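Commentary on secondary and tertiary structure
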Amino acid sequence: ADGIYLWNYHYMKTPHIAYGQPQPDDYGHLSDLGDPKRLKSLDKIFSVNPVPREQYARASAPCPLPVELDGGCAIPIRITDDVSTASKVLLQLDIANVIPGDQLHVEFNDQTFAGVEATSEIELNIAKSAVKRNINHISATITHRGAGAETNPALTAVRVPVKYK
């Protein structure tokens, strides 16, 4: 079953929330969760996170990130939405240790992106038809290193924002 993580919601640090003290307007977002029809059409971000905070590491599944890209990597990501009505689906990759001239080969299921300029934050448009409802597969491989490369680039975060508006 899928779920929505709300543990310590009242301790989130945001511009509108002082530590441990949400403002009344901040609770308005929770009403969206009670209406499946409303939730269905809201923008979402599906993600693969790096290592969990130390205090949760024993209770969490092993995280696949960060992972070095010199030998390539394969990362599964679960997307539970039917994205056929979305206006846009993106693939966002955060990469450490890249230098000018680095290039990547990226795949999202059957959609291929060759010769992607490797920067610390990459954003690619995903065809809605490429997205499977459930487990999707992302692979990334460094195909060319820029002059003077000393450390291996590493994938540190993966996000798939799904926009409906």
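Here the structure is a predicted model, which is why all the values come from computation and not from measurement.

Quick notes on the rules
- Residues numbered from 1 in each chain as written.
- Predicted model: local features only at pLDDT ≥ 70, side-chain atom pairs only at ≥ 80, totals over all residues.
- Heavy atoms only, no water.
- Buried < 20%, exposed > 50% of the residue type's maximum accessible area, 1.4 Å probe, protein only.
- Helix = DSSP H or I, 4+ residues; strand = E, 2+ residues; numbered from the N terminus.
- Pairing = 2+ DSSP bridges.
- Polar contact = N/O pair within 3.5 Å; in protein donor to acceptor, adjacent residues only side chain to side chain.
- Contact = heavy atoms within 4.5 Å.
- Axes fitted to C-alpha atoms, helices over the stretch in contact; angles between N-to-C directions.
- Salt bridge = Lys/Arg side-chain N within 4 Å of Asp/Glu carboxyl O.
- Core = buried A, V, L, I, M, F, W, Y, C linked by side-chain atoms within 4.5 Å.

Counted residue by residue, strand S9 (residues 154-163) has seven buried out of 10 residues, so it is predominantly covered. Relative to S9, strand S1 (residues 44-48) runs antiparallel, the two sharing five bridges. Bridge pairing in S9 places Ile 45 opposite Pro 161. Inspection of the sheet shows strand S2 (residues 67-68) paired to S9 by two bridges, in the antiparallel sense. By the bridge assignment for S9, Glu 68 is matched with Ala 154. Bridge analysis of strand S4 (residues 88-96) against S9 gives seven bridges, and the strand direction is antiparallel. Bridged to Val 89 within S9 is Val 162.

This part covers the side chain of Asn 136. The residue Asn 136 is located in strand S8 (residues 134-144) in this model. Looking at Asn 136, its side chain comes within polar contact range of the side chain of Asn 109, at 2.6 Å. A polar side-chain atom of Asn 136 sits 3.1 Å from the main-chain carbonyl oxygen of Asn 134. Those residues within four positions of Asn 136 in sequence are excluded, and the remaining contacts are Ile 75, Pro 76, Ile 77, Ile 79, Phe 108, Asn 109, Ala 130 and Val 131.

Let us look at the sheet that holds S8. To summarise the sheet geometry, strands pair through backbone hydrogen bonds and adopt either a parallel or an antiparallel arrangement. In spatial order, the strands read S3-S8-S5-S6; together these four strands make up an open sheet with antiparallel pairing. Looking at which strands have only one partner, the edges of the open sheet turn out to be strand S3 (73-79) and strand S6 (111-117). Taken over all neighbouring pairs, the strand axes of this sheet differ in orientation by 20° on average, direction set aside. Across six bridges, strand S5 (residues 103-108) lies against S8 in antiparallel orientation. Bridge pairing in S8 links Leu 104 to Ile 142.

Another aspect to go through is the pattern of salt bridges. Counted by the stated rule, this structure contains three salt bridges. Residues Asp 81 and Lys 44 are paired through a salt bridge, measuring 3.0 Å at the closest nitrogen-oxygen approach. In this pair, Asp 81 sits in the loop between S3 and S4 while Lys 44 sits in strand S1, placing the two residues 37 residues apart along the sequence. Residue classification places Asp 81 among the buried positions, given a relative accessible area of 11%. On the basis of relative accessibility, which here comes to 18%, the residue Lys 44 falls in the buried class.

Here we come to the nonpolar core. Counting residues in hydrophobic clusters, the biggest one holds 33 residues, and the most contacted among them are Leu 91, Leu 104, Val 106, Phe 108, Leu 155, Val 158 and Val 160. Those elements that provide at least two residues to this core are S1, S3, S4, S5, S6, strand S7 (121-126), S8 and S9. In this structure, Val 160 is in contact with Lys 44, Ile 45, Phe 46, Ile 77, Ile 79, Val 89, Leu 90, Leu 91 and Phe 108, ignoring residues within four places of it in sequence.

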